[in-house]
Amino acid sequence: MRNYDFSSEVEKIALERSGRPLAYRPAEKIGVIEVPDFPALGKLAALRFLEWLQKNPEAVIALPTGKTPEHFIRCTTHYLNFWSEKEIQQELRDWGLKSQKPEMGSYTFVQIDEFYPMNPAQENSFAYYLRCFYFGQFGLDPGKALLMNTWTLGAPAGRNLGQIFPGDRVDFSLRFRLPANQQEEQQYRAVLAADHFVMEYEEKIIRLGGLGFFLGGIGPDGHIGFNVRGSDHFSTTRLTPINYETAAAAATDLGGMEVSRHKAVMTIGLQTITRNPTATAIIISAGESKAAVVRDAVQNEPSILYPATALQKLPASRFYLTGGSAMLLQERKYHQLKRLSTISETTAARIVTNIAVARKRQLGHLTEEDIRQDRLGQLLSNWPKVAERLVTEYQGRINKGIQPPEATRYLHTGPHHDDIMLGYLPFIVHLVRSPRTTHYFATLTSGFTSVTNEYTANHLTNLEKLLEAGVLTDLLKSGHFSQRDWVSRNRDVFLYLDGVAANRAEMQREGEARRMLRNLVELTGTEDLTVLKSEIKRLKTYFATAYPGKKDTALVQKLKGMVREWEEELLWGHLGINCDHIFHLRLGFYTGDLFTPEPEWERDIQPILNLLKTTSPEVVTVAMDPEASGPDTHYKVFQAVSCALQNYLEKNPGKQITVWGYRNVWHRFHPAEANIFVPVSMNSLAIMKEAFQTCFGSQRSASFPSHEYDGPFSELAQKIMVEQYAMIKTCLGRDFFYSNPVARLRATRGLVFLRAMTPEEFFQEASSMKRIME
């Protein structure tokens, strides 16, 4: 077995810059290197990779797919393309690298995993990813690579595995039972062929001396490769099913849970990664959303519950982390805070609140023993004052949530069409009741990636039937579908909602058909019925033949986005908001590509500035998710709104605006971070659930769910609101709610957390986030 050189000047320099040791023993079982931000994470991984290549020529490497390696790929490609330039050479020397460029074609690349079955020609296949980035940009030699065949292996001549396994469903019981028919016989032979292939695949890696360099991300259940929670630490390359969390994370790439839920995968095993004791194995992770799985992998003893704990046996295993991903590493956090001269009020509040919730005690009932038993609590000498202050502040934040603000003009912004609803619909239900208020709603992207082919095709079929029946002919002749006819547009919404109220499905179907026809008139630029019918047939053929997860044409992207726009108009129609108060900006940075571009002024920021001029709001709301936690669309929209608002206020210096930050199913505010707590009653929860089911038809079946919850987003939002209420009920005591003289507080069963900011505070937050990303 080959003896690899895993010494690293790059890591030594990175540790010196971080001011941290490699590990806080014995709490941390794997070395950790922290970096300030997501791009720095990719840069560090790229430098370490290139350093390792210089030290280990003609070695065996395995690199990841997906979105996490974005900056790793960009940085590595940049270094390789401009290697000989003076500035690059100086930077490489500063990091301890040699001047000689690695001979990329000399290395053996090992594919880590692939879906099964999967056509390698599809853009959502890992095979395509490897061809595009690692063979195409890095210059690795595909002729020297070990690649996984998950499309023709074991299939009869002239056929593929997509035909052998209808719906991509692999029945693993065929390994242990007799096939019942000819189709099962073919499937049995395909599974056996795959099992034989992975055995030989593993043997080839062993003959090569084992992996020398492994770089990977970590999944929502802690998986590396497709070694999901529960995987044997001595597992080898194999064909295996995946769990719910992994399927949910893959749903967008595969075209929905209807596809990903039943997918099998081919993956190298944990033993494959760790077989060579001199191998370097690096896990990269960014964002608070990964903090829990990182903590479990770094701090726990080896366990099948935490797949990455298998890496502890390697001396050169590392976790490269942003601050968000490292935030739950307790000993690391302890030493970080211990170095400070003063612990901030927000941090102290977070610590004391966490202790109260963990101990199930009211803030006012905490004891010295409670505080001292918590590692971070040991740093707080003034904890009684913190607890006392929090009681007053949390009660005050609840009062803010039940007292309508003085503002009269609101601009509610969301990255996607259901973000506002999932974030704080229960508050909006109360705000719109005042006749003094005016509300505008703006969705900044098209959101087309959340609509399946099947759902869109069903809408087209419904329209086709009503056109054949002549139901819409008179409306078409009357000019009902003119693009700027707000009255007719509103009537389509009202027809659908009247159908819901009357329990008449035919009214709902006609409302949907009207909007789909309106969409097609806009897309084709004609009201000619013959042309429109032809376009319907063409689109239905497209959806019938396009593979799930394929990047759609520009026209189909727009059509799917229009489906989501219709759903949002139905939602706000519930509250009497007409279509002329609902804006669909369709910002251009939202492309459907794996790595999306950054917002630009003319294309993305100017439309928001124009909207601010049109609406002249006193309150602007914005989704406020931290670094790499949730879709990157949220971060980019946050930055675009910040830039537009800053420009608007520079030109309107006397304008008074408050910004409300909200979060929903992708990330949560800690109570210490929010300053408005909105009580949520059973009535509000029922409204949210029913409105989501009524309006967001494309989301009813949870085709693109959160990995946290197997169901629609509305149910997850409810779960979060209830959990937030439970935290505050623990902190303040149940009697604060149950015996409160205010009926609305007695009726509280959930809480929405918001963060109100001045424009200056908002810009400071956005500037901080922008520095992190750039």
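Residues numbered from 1 in each chain as written. Predicted model: local features only at pLDDT ≥ 70, side-chain atom pairs only at ≥ 80, totals over all residues. Heavy atoms only, no water.

1. Notes on the overall build of the protein chain
- Along the backbone of the protein chain there are 29 helices and 16 strands.
- Here the C-alpha atoms of the protein chain give a radius of gyration of 28 Å, agreeing with the 28 Å that 2.2 N^0.38 yields for 774 residues.
- Sorting the 774 residues of the protein chain into buried and exposed places 57% on the buried side.
- A separation of at least 24 residues holds for 79% of the contacts in the protein chain among residues at least 6 apart in sequence.
- Accessible surface for the protein chain amounts to roughly 31,200 Å². Of this, 50% is attributable to carbon and sulfur atoms.
- In the protein chain, 88 side chains carry a positive charge and 87 a negative one; their mean positions are 2 Å apart. (Helix = DSSP H or I, 4+ residues; strand = E, 2+ residues; numbered from the N terminus. Rg over C-alpha atoms; globule rule 2.2 N^0.38 Å. Buried < 20%, exposed > 50% of the residue type's maximum accessible area, 1.4 Å probe, protein only. Contact = heavy atoms within 4.5 Å. Areas by Shrake-Rupley, 256 points an atom, 1.4 Å probe, with all protein chains shown as cover. Lys, Arg positive; Asp, Glu negative; His and termini not counted. Charge placed at Lys NZ, Arg CZ, Asp CG, Glu CD.)

2. What about the pattern of salt bridges?
- This model, assessed by the stated rule, comprises 51 salt bridges.
- K43 is the salt-bridge partner of E91, the closest N and O atoms lying 2.8 Å from each other. Residue E91 is found in helix α4 (residues 86-94), and its partner K43 is found in helix α2 (residues 38-55); the two are separated by 48 residues along the sequence.
- Classification of E91 as partly exposed rests on a relative accessible area of 22%.
- Look at K43 and you get partly exposed, because its relative accessible area is 29%. (Salt bridge = Lys/Arg side-chain N within 4 Å of Asp/Glu carboxyl O.)

3. Overview of the side chain of E331
- With respect to the element layout, E331 can be found in helix α12 (residues 330-338).
- Residue E331 is classed as buried on the basis of its relative accessible area of 18%.
- Discounting residues that sit within four places of it in the chain, E331 has contacts with Y24, A27 and R375.

4. A look at the environment of M257
- Looking at the element boundaries, M257 is found in helix α9 (residues 257-260).
- Sequence separation between M257 and A247 is 10 residues, and the spatial gap between their C-alpha atoms is 6.8 Å.
- With residues near it in sequence (within four places) discarded, M257 still touches Y244, A247, A248, A251, A702, S703 and P705.

5. Describing the sheet that holds strand β14 (residues 658-662)
- In space, the seven strands of this open sheet follow the order β12-β11-β10-β13-β14-β16-β15, with mixed pairing throughout. Of all the strands in the sheet, just β12 (582-584) and β15 (676-681) have a single pairing partner and so form its edges. If you compare each strand with its neighbour and ignore which way they point, the axes differ by 25° on average.
- Lying over the sheet, helix α24 (residues 632-651) contacts β10 (409-414), β13 (619-623) and β14, oriented at roughly 155° with respect to β13.
- Each of β15 and β16 (748-757) is contacted by helix α26 (residues 713-732), which is oriented at about 90° to β16, the strand it contacts most. (Pairing = 2+ DSSP bridges. Axes fitted to C-alpha atoms, helices over the stretch in contact; angles between N-to-C directions.)

6. So, the packing of helix α16 (residues 419-431) against α26
- In contact at an axis separation of 9 Å, α16 and α26 are set at 60° when each is read in the N-to-C sense. Classified by the angle between their axes, α16 and α26 sit oblique to one another. In the crossing of α16 with α26, the sense of the turn from one axis to the other is right-handed. Contacts between α16 and α26 pair L422, G423 and P426 from the former with F713, S714, A717 and M721 from the latter.
- Its residues assigned to classes, the contact of α16 with α26 shows five nonpolar, two polar and no charged. (Parallel < 35°, antiparallel > 145°, perpendicular 65-115°, else oblique. Left-handed = near helix turned anticlockwise from the far one by under 90°. Nonpolar A, V, L, I, M, F, W, Y, C, P; charged D, E, K, R; others polar.)

7. Notes on the nonpolar core
- With 97 residues, the main nonpolar core has L63, F72, Y116, Y134, F138, L140 and F319 as its most contacted residues.
- Among residues more than four places away in sequence, those in contact with Y134 are L63, P64, P69, F72, I73, F109, Y129, G139 and L140.
- If you look at the next biggest cluster of nonpolar residues, it comprises 65 residues, including L366, F736, L751 and A766. (Core = buried A, V, L, I, M, F, W, Y, C linked by side-chain atoms within 4.5 Å.)

8. Thoughts on the environment of N227
- On the secondary structure map, N227 appears in the loop between β5 (213-216) and β6 (238-241).
- Residue classification places N227 among the buried positions, given a relative accessible area of 0%.
- C-alpha separation for the pair N227 and N652, spaced 425 residues apart in sequence, amounts to 55 Å.
- With near-sequence residues (within four places) excluded, N227 lies in contact with S235, R238, T267, I268, G269, L270 and P307.
- At 2.9 Å, the side chain of N227 and the backbone oxygen of I224 are in polar contact.
- Of note is the side chain of N227, whose polar atom sits 3.0 Å from the backbone oxygen of I268. (Polar contact = N/O pair within 3.5 Å; in protein donor to acceptor, adjacent residues only side chain to side chain.)

9. Description of the packing of aromatic side chains
- Across all of its chains, the model carries 33 aromatic pairs by this definition.
- Ring geometry for F448 against Y590: centres 4.9 Å apart, planes inclined by 70°, an arrangement best described as edge-to-face. One end of the pair, F448, is in the loop between β11 (438-443) and α17 (453-468); the other, Y590, is in the loop between β12 and α23 (601-615), and 142 residues separate them in sequence. Of the two residues, F448 and Y590, both sit in the buried class.
- A ring pair is formed by F762 and F763, whose centres lie 5.8 Å apart and whose planes are at 45°; its orientation type is tilted.
- When its relative accessible area of 14% is taken as the criterion, F763 is described as buried.
- Every member of this aromatic cluster is reached through a ring pair, and the members are Y4, F49, W52, F72, F109, Y129, F133, Y134, F135, F138, F213 and F595.
- Over the aromatic face of W95 sits the side chain of R17, whose NZ or CZ is 4.3 Å from the ring centroid. (Phe/Tyr/Trp six-rings, centres within 6.5 Å; stacked < 30°, edge-to-face > 60°. Lys NZ or Arg CZ within 6 Å of the ring centre and 35° of its normal.)

10. Regarding α2
- In this model α2 runs 26 Å from its N-terminal to its C-terminal C-alpha over 18 residues, within 8% of the 26 Å that 1.5 Å per residue would give.
- With respect to burial, α2 is a largely interior element, 16 of its 18 residues being buried. (Expected span 1.5 Å × (residues − 1).)

11. Thoughts on the side chain of T413
- With respect to the helices and strands, the residue T413 is situated in strand β10.
- Residue classification places T413 among the buried residues on the basis of a relative accessible area of 3%.
- In contact with T413, not counting residues within four places along its chain, are I420, A442, L444, V620, T621, V622, A623, V641 and Y662.

12. Points about unusual backbone geometry
- Cis geometry is found at the peptide bond from R25 to P26, where omega equals 0°.
- Inspection of the secondary structure assignment puts P26 in the loop between α1 (9-18) and β1 (31-35).
- In this structure, P117 follows Y116 across a cis peptide bond, with omega equal to -10°.
- Relative to the elements of secondary structure, P117 occurs in the loop between β4 (113-116) and α5 (126-135).
- The phi dihedral of D168 falls on the positive side, at around 60°, and the residue is not glycine.
- Despite not being glycine, K360 has its phi angle at roughly 60°, a positive value.
- Mapped onto the secondary structure, K360 falls in the loop between α13 (345-359) and α14 (368-372).

13. A short note on helix α19 (residues 486-502)
- For α19, which comprises 17 residues, the first-to-last C-alpha distance of 24 Å matches the rise-based estimate of 24 Å (1.5 Å per residue) to within 8%.
- Of the residues making up α19, those classed as buried are S488, R489, N490, D492, V493, L495, Y496, L497 and G499.
- Looking at the buried residues of α19, the elements they touch are α20 (505-524), α22 (554-573) and α25 (682-695).
- A distance of 3.3 Å separates the backbone nitrogen of V487 from a side-chain oxygen at the start of α19, and that oxygen is part of D485.
- Immediately beyond the C-terminal end of α19, within one or two residues, lies N503, with a positive phi of roughly 55°.

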